[in-house]
Amino acid sequence: MKHILLIGILCLLAACSPKENQKTFVYEGNPLIRNNFTADPATLVHGDRLYLYVGHDEYYVGQDTASGGREFNITEWLCYSTTDMKNWAEHGAVLSPADFKWAVGEAWAS
């Protein structure tokens, strides 16, 4: 539990830090995020801002399953935020599995 709290605090600090050339977008319906394959969202509210943390799943050639399907692995966690649920800011990657000493560099569902 202590690790989860620490990760949340680190992500919040990273998301709050100002970023140059920060990307923004306007909600246009589902799916909310259209430029990345994301999964397993989690939210955190701080002040008047809602933060959305999502796993960023990617496929690498050769990661096929035994049945021939594609496997997707989380290579990082991304952060988005909003104050009105319509206008969103993209904060980019705030954490990756490689940030953990015991990890091998990729993860499954958070």
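As a reminder, the structure under discussion sits directly above these lines.
Thresholds, definitions, all that
Residues numbered from 1 in each chain as written. Predicted model: local features only at pLDDT ≥ 70, side-chain atom pairs only at ≥ 80, totals over all residues. Heavy atoms only, no water. Phe/Tyr/Trp six-rings, centres within 6.5 Å; stacked < 30°, edge-to-face > 60°. Helix = DSSP H or I, 4+ residues; strand = E, 2+ residues; numbered from the N terminus. Buried < 20%, exposed > 50% of the residue type's maximum accessible area, 1.4 Å probe, protein only. Pairing = 2+ DSSP bridges. Axes fitted to C-alpha atoms, helices over the stretch in contact; angles between N-to-C directions. Core = buried A, V, L, I, M, F, W, Y, C linked by side-chain atoms within 4.5 Å. Polar contact = N/O pair within 3.5 Å; in protein donor to acceptor, adjacent residues only side chain to side chain. Contact = heavy atoms within 4.5 Å.

Draft legend 1. Summary view of the packing of aromatic side chains. On inspection of all chains with the given rule, the structure shows 4 aromatic pairs. Judged by centre distance (6.0 Å) and plane angle (80 degrees), the ring pair of Phe 25 and Tyr 80 falls under edge-to-face. Here the residue Phe 25 occupies a position in strand E1 (residues 23-26), and Tyr 80 occupies one in strand E4 (residues 73-82), the gap between them amounting to 55 residues. Exposure remark for Tyr 80: the relative accessible area of 1% places this residue in the buried category. Seen from their ring centres, Tyr 51 and Tyr 53 are 6.4 Å apart, and the 20 degrees between their planes marks the pair as stacked.

Draft legend 2. Molecular detail of the pairing of E4. Counting buried residues in E4 gives 9 out of 10 residues, a clear majority hidden from the surface. As judged from the 9 bridges shared by strand E3 (residues 49-58) and E4, these two strands associate in the antiparallel manner. In the strand pairing of E4, Gly 55 is matched with Trp 77. Here E4 folds back onto strand E5 (residues 87-95) in antiparallel fashion, the turn holding 4 residues, of which Met 85 has a positive phi close to 65 degrees.

Draft legend 3. Molecular detail of the sheet that holds E4. One open sheet holds the 5 strands; their spatial order is E1-E5-E4-E3-E2, and the pairing between them is antiparallel. The two strands at the open ends of the sheet, each matched to only one other strand, are E1 and strand E2 (38-46). Mean inter-strand twist for the sheet, computed between neighbouring axes without regard to direction, equals 30 degrees.

Draft legend 4. Highlighting the nonpolar core. One finds Tyr 51, Tyr 53, Ile 74, Trp 77, Cys 79, Val 94, Leu 95, Phe 100 and Ala 107 forming the largest nonpolar core, which totals 9 residues. At the level of elements, E3, E4 and E5 are the ones that each hand at least two residues to this core. For this core, the element with the highest residue contribution is E4, accounting for 3 residues. With 7 residues, the next largest nonpolar core counts Leu 50, Leu 52, Val 54 and Trp 88 among its residues.

Draft legend 5. Representation of unusual backbone geometry in the model. Note that the residue after Asn 30, namely Pro 31, is joined by a cis bond; omega there is -5 degrees. Tracing the sequence through the fold places Pro 31 in the loop between E1 and E2. Positive phi is not limited to glycine here, since Asp 40 has a value of about 55 degrees. Mapped onto the secondary structure, Asp 40 falls in strand E2. Even without being glycine, Met 85 reaches a positive phi, approximately 65 degrees.

Draft legend 6. A look at the side chain of His 56. Position of His 56 relative to the elements: it lies in strand E3. Polar contacts involving the side chain of His 56 include one to the side chain of Asn 36, which spans 3.4 Å. A polar contact of 2.8 Å, which involves the side chain of His 56, links it to the side chain of Glu 76. In this structure, His 56 is in contact with Asn 36, Phe 37, Asn 73, Ile 74, Thr 75, Glu 76 and Leu 78, ignoring residues within four places of it in sequence.

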